[in-house]
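Below, each chain spelled out in residue letters.
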Amino acid sequence: MDFDTILWSRSTKFLGRNKYWEDRLLRAKALGLNTIQTYIPWNLHEPKPGNFTFNGIANIVSFIQLCQKLDFLVLLRPGPYICAEWDLGGFPAWLLSKIPASRLRSSDPGYLQWVERWWGVILPKVAPLLYNNGGPIIMVQIENEFGSYGDDQAYLHHLVALARGYLGDEIILYTTDGGTRETLEKGTIRGNAVFSAVDFSTGERPWPIFNLQKEFNPPGKSPPLTAEFYTGWLTHWGENIATTDANTTAAALNEILAGKGWLMVEQILDSIMEQILVMMYWITSLISLRMIMMHQLRNLVTLTMLNMKQFEGLYKAFSNSNFHHCNPLAIRRVIQHYSGALIPSVPSNNEKIGYGPIQLQKVAFLFDLIHMMDPVDVAVSEEPLSMESTDRSFGFLLYTTEYVAKDNDDGHVLFIPEVHDRAQVFLSCSSKNKGVRPTSVGIIERWSNRRLNLPNTRCDSNTLSILVENMGRINYGRYLFDRKGILSSVYLDNNVLHGWKMIPLPFNNLNEIPRVDFFSQIAQSRLSKIIAKRGLEAKFGNISGEPTLYSGYFYVDEANLRKDTYLSFGGWTKGIAFINEFNLGRFWPVVGPQCNLYVPAPILRLGKNILVILELESPNRDTVVHSVDRPDFTCGSSKSNLSQQLLSHQHSVGL
């Protein structure tokens with residue numbers, strides 16, 4: 001079975017309602033599933049304070065109605081915190097810029113006022129879709145795995161009261177926590193008001209956890225319900241691709257179903273509906289199984305969905321794939337064995353094709369585009385400001401300052417105590433040689449945070465430029481408050497540098513329209529004409545180290561029509577790719593393991609299709625990208641430089 005997933009669109013003009021929703025749901029039905037569990041990411045629907053959007057791929061009502069049309073029941077997870085390997089656990093990044101800073105996931109009034117406003121918008125929208133109102137929603141979750149984060153019962157009770165006020169008393173509210181006594185003690189609400197569910201992985205024995213679950217529900221009202229059944233793990237950049245043995249997963253599922261774990265929802269609802277065999281979730285366009293996480297791939301769009309976790313203080317960025325490598329047919333056989341209903345046949349795989357090599361041309365240096373920006377977008381401050389403080393949530397932020405430094409035989413030392421997440425450092429003369437390109441002098445990364453040696457420039461005045469990349473906010477754990485950019489003073493030879501300009505490169509949230517759409521302009525060849533007039537094209541040459549934009553095109557003809565494909569970035573270093581203004585995600589083949597990006601057919605056009613990439617470091621020598629018919633996870637190595645740096649960092653902090 002094919003579980004590739006359609007990506008999110010930055011705007012609604014490409015996809016309208018996600019064209020692969022029904023395809024994915026029918027594949028879920030072919031597994032024997034009859035319930036969808038879906039998150040609602042707050043940051044998707046309110047990218048700016050008060051700017052709510054529920055159109056296109058953000059049309060949660062349309063998705064739930066489609067589930068009902070296809071005879072699915074729905075479990076709804078409206079947050080406000082969802083985790084979900086989603087940027088900031090679903091919280092909008094602008095919460096991090098509020099002064100005084102709110103304590104997320106707590107009964108802090110400053111935080112609760114924003115939650116109350118958000119739920120005051122979203123809950124009335126879904127209330128007509130509750131089961132007791134004739135809709136498919138049978139349960140609504142309160143928060144998510146709170147017992148792994150805090151111990152604020154007042155907060156949980158406040159959320160319950162808020163939910164009841166909008167949804168009424170008939171809907172079943174539930175919490176989900178890890179299957180340990182400590183997490184259940186902290187994250188559950190005892191009594192009849194809220195049902196306590198658990199989650200665990202295939203490596204854990206389910207029935208001891210289900211028996212523990214009973215202690216946190218009223219007697220006789222605790223059917224075994226696992227709201228998250230992990231069948232694998234996620235892949236971080238620099239690691240080997242995570243894999244899961246299908247037979248092990250099938251055996252674990254069999255153990256649950258053999259013990260009547262499938263009775264979970266039926267018993268809660270006093271037998272008013274048929275057996276709910278397996279829980280599944282959907283993250284807007286992403287399908288993976290609630291008990292069996294087995295979708296094949298999603299490109300986590302660079303600006304919005306680059307997710308990460310904090311493991312014992314170590315920052316790790318997820319790659320663009322959420323592979324769990326679990327054979328769905330093995331799962332289907334287990335479900336078929338226990339199901340009394342006829343399971344639909346498996347749909348044919350969507351065809352994948354390769355459109356061949358795509359030759360790219362250099363279009364512009366990133367710094368040249370920045371010089372064309374409207375000054376109103378530039379923030380000025382004596383000390384560096386975070387990305388959130390400049391009213392930006394995603395993408396890059398360029399920091400510039402000027403300094404005068406005497407020549408030292410050993411050069412100079414740059415130190416940034418706190419940078420989130422990856423900074424490329426450039427030097428140029430601000431006093432002479434105006435035509436000389438900025439020189440790349442090194443990279444400072446959050447996970448290694450080394451001091452950087454700067455060369456003597458023999459300039460009266462130097463311009464220091466630091467391009468900071470947001471690689472995604474932490475979504476789980478005690479370091480959740482994860483702002484981006486430079487978060488400390490910057491030191492040159494132990495002296496603080498002052499007088500900073502912050503220039504955003506606004507790779508926006510999925511439902512925001514950027515004020516300056518560089519990539520759209522480049523795709524239409526407008527900027528290349530401007531650059532040519534300014535005489536900049538003659539300066540391209542074979543320069544490495546400076547972020548550069550490349551553009552190319554390929555054709556989709558009537559014979560092939562539009563089919564899913566993959567872009568292979570072998571030979572490139574690191575960057576972002578766009579097709580027809582659609583953000584495909586981040587490529588980083590030198591670190592791996594992911595070599596290519598999935599391209600869903602609906603974003604392609606009959607005729608000419610424009611590919612634009614931002615290469616941050618060194619381009620492919622042949623400046624070519626290949627459109628191929630299959631994914632590839634053989635790039636990089638588990639012994640990559642990134643992995644070595646992460647390992648060294650672990651040792652340095654005593655992990």
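Procedures and definitions
Residues numbered from 1 in each chain as written. Predicted model: local features only at pLDDT ≥ 70, side-chain atom pairs only at ≥ 80, totals over all residues. Heavy atoms only, no water. UniProt positions renumbered as here; feature names shortened; annotations may be inferred. Helix = DSSP H or I, 4+ residues; strand = E, 2+ residues; numbered from the N terminus. Expected span 1.5 Å × (residues − 1). Bend = angle between axes of the 7 residues up to and from the residue. Buried < 20%, exposed > 50% of the residue type's maximum accessible area, 1.4 Å probe, protein only. Contact = heavy atoms within 4.5 Å. Polar contact = N/O pair within 3.5 Å; in protein donor to acceptor, adjacent residues only side chain to side chain. Axes fitted to C-alpha atoms, helices over the stretch in contact; angles between N-to-C directions. Parallel < 35°, antiparallel > 145°, perpendicular 65-115°, else oblique. Left-handed = near helix turned anticlockwise from the far one by under 90°. Phe/Tyr/Trp six-rings, centres within 6.5 Å; stacked < 30°, edge-to-face > 60°. Pairing = 2+ DSSP bridges. Salt bridge = Lys/Arg side-chain N within 4 Å of Asp/Glu carboxyl O.

- The name given to the protein chain in an unreviewed UniProt entry is Beta-galactosidase, with Cucumis melo as the source organism.
- UniProt's Sequence similarities (unreviewed entry) comment on the protein chain is quoted here verbatim: "Belongs to the glycosyl hydrolase 35 family."

### Focus: helix H4 (residues 109-126)
Item 1. Given a rise of 1.5 Å per residue, 18 residues ought to cover 26 Å, and the 25 Å separating the end C-alpha atoms of H4 matches this to within 8%.
Item 2. Along its length, H4 reaches its greatest deviation from straightness, about 25°, at Trp119.
Item 3. For H4, every residue scored as buried is listed here: Tyr111, Leu112, Trp114, Val115, Trp118, Trp119, Ile122, Leu123 and Val126.
Item 4. Here the buried face of H4 lies against helix H2 (42-45), helix H3 (60-69), strand S2 (73-77), strand S3 (137-141) and helix H5 (153-167).
Item 5. The backbone nitrogen of Gly110 lies 3.0 Å from a side-chain oxygen of the residue at the head of H4, namely Asp108.

### Considering the packing of helix H1 (residues 21-30) against H3
Item 1. It is the contact of H1 with H3, at a shortest axis distance of 11 Å, that shows an interaxial angle of 40°. What the angle tells us is that H1 and H3 run oblique. For the element pair H1 and H3, the recorded crossing hand is right-handed. On H3, the residues that touch Trp21, Glu22 and Leu25 of H1 are Ser62, Phe63, Leu66 and Cys67.

### Concerning unusual backbone geometry
Item 1. Cis geometry marks the peptide bond from Gly79 to Pro80; its omega dihedral reads 5°.
Item 2. Cis geometry marks the peptide bond from Gly592 to Pro593, where omega comes out at 10°.
Item 3. Within the secondary structure, Pro593 is located in the loop between strand S27 (582-587) and strand S28 (596-599).
Item 4. Its identity as a non-glycine residue notwithstanding, Glu143 has a phi of 55°, on the positive side.
Item 5. With a phi angle near 65°, Asp391 is a residue other than glycine that sits in the positive phi range.
Item 6. When you line up the elements, Asp391 lands in the loop between strand S12 (379-381) and strand S13 (396-403).

### Focus on the packing of aromatic side chains
Item 1. Applying the stated criterion across every chain, the model contains 24 aromatic pairs.
Item 2. Considering the side-chain rings of Phe91 and Tyr111, the 5.9 Å spacing of their centres and the 85° angle between planes classify their relative orientation as edge-to-face. Linking Phe91 in the loop between S2 and H4 with Tyr111 in helix H4, this pair joins segments that are 20 residues apart in sequence. Like Tyr111, Phe91 is buried.
Item 3. Centre to centre, the rings of Tyr566 and Tyr598 are 5.6 Å apart; their planes meet at 45°, and the pair counts as tilted.

### A closer look at the pairing of strand S23 (residues 500-505)
Item 1. Extensive coverage of S23 is indicated by the burial of five of its six residues.
Item 2. Direction of pairing for S12 relative to S23: antiparallel, over a ladder of three bridges. Looking across to S23, one finds that Val380 is bridged to Lys501.

### A closer look at the pattern of salt bridges
Item 1. Across all of its chains, the model carries 26 salt bridges by this definition.
Item 2. Put simply, Asp391 and Lys48 hold a salt bridge, and the shortest N to O gap is 3.5 Å. Of this pair, Asp391 sits in the loop between S12 and S13 while Lys48 sits in the loop between H2 and H3, and the two are 343 residues apart along the sequence.
Item 3. The shortest N-O distance in the salt bridge between Glu445 and Arg422 comes to 2.9 Å. Taken together, the positions of Glu445 in strand S17 (residues 439-445) and Arg422 in strand S16 (residues 422-429) put the pair 23 residues apart, joining distant regions of the chain.
Item 4. Using a relative accessible area of 8% as the deciding quantity, one classes Glu445 as buried.
Item 5. Arg422 sits in the buried class, given a relative accessible area of 5%.
Item 6. Residues joined in a network through salt bridges with shared partners are Asp421, Arg446, Asp482 and Lys484.

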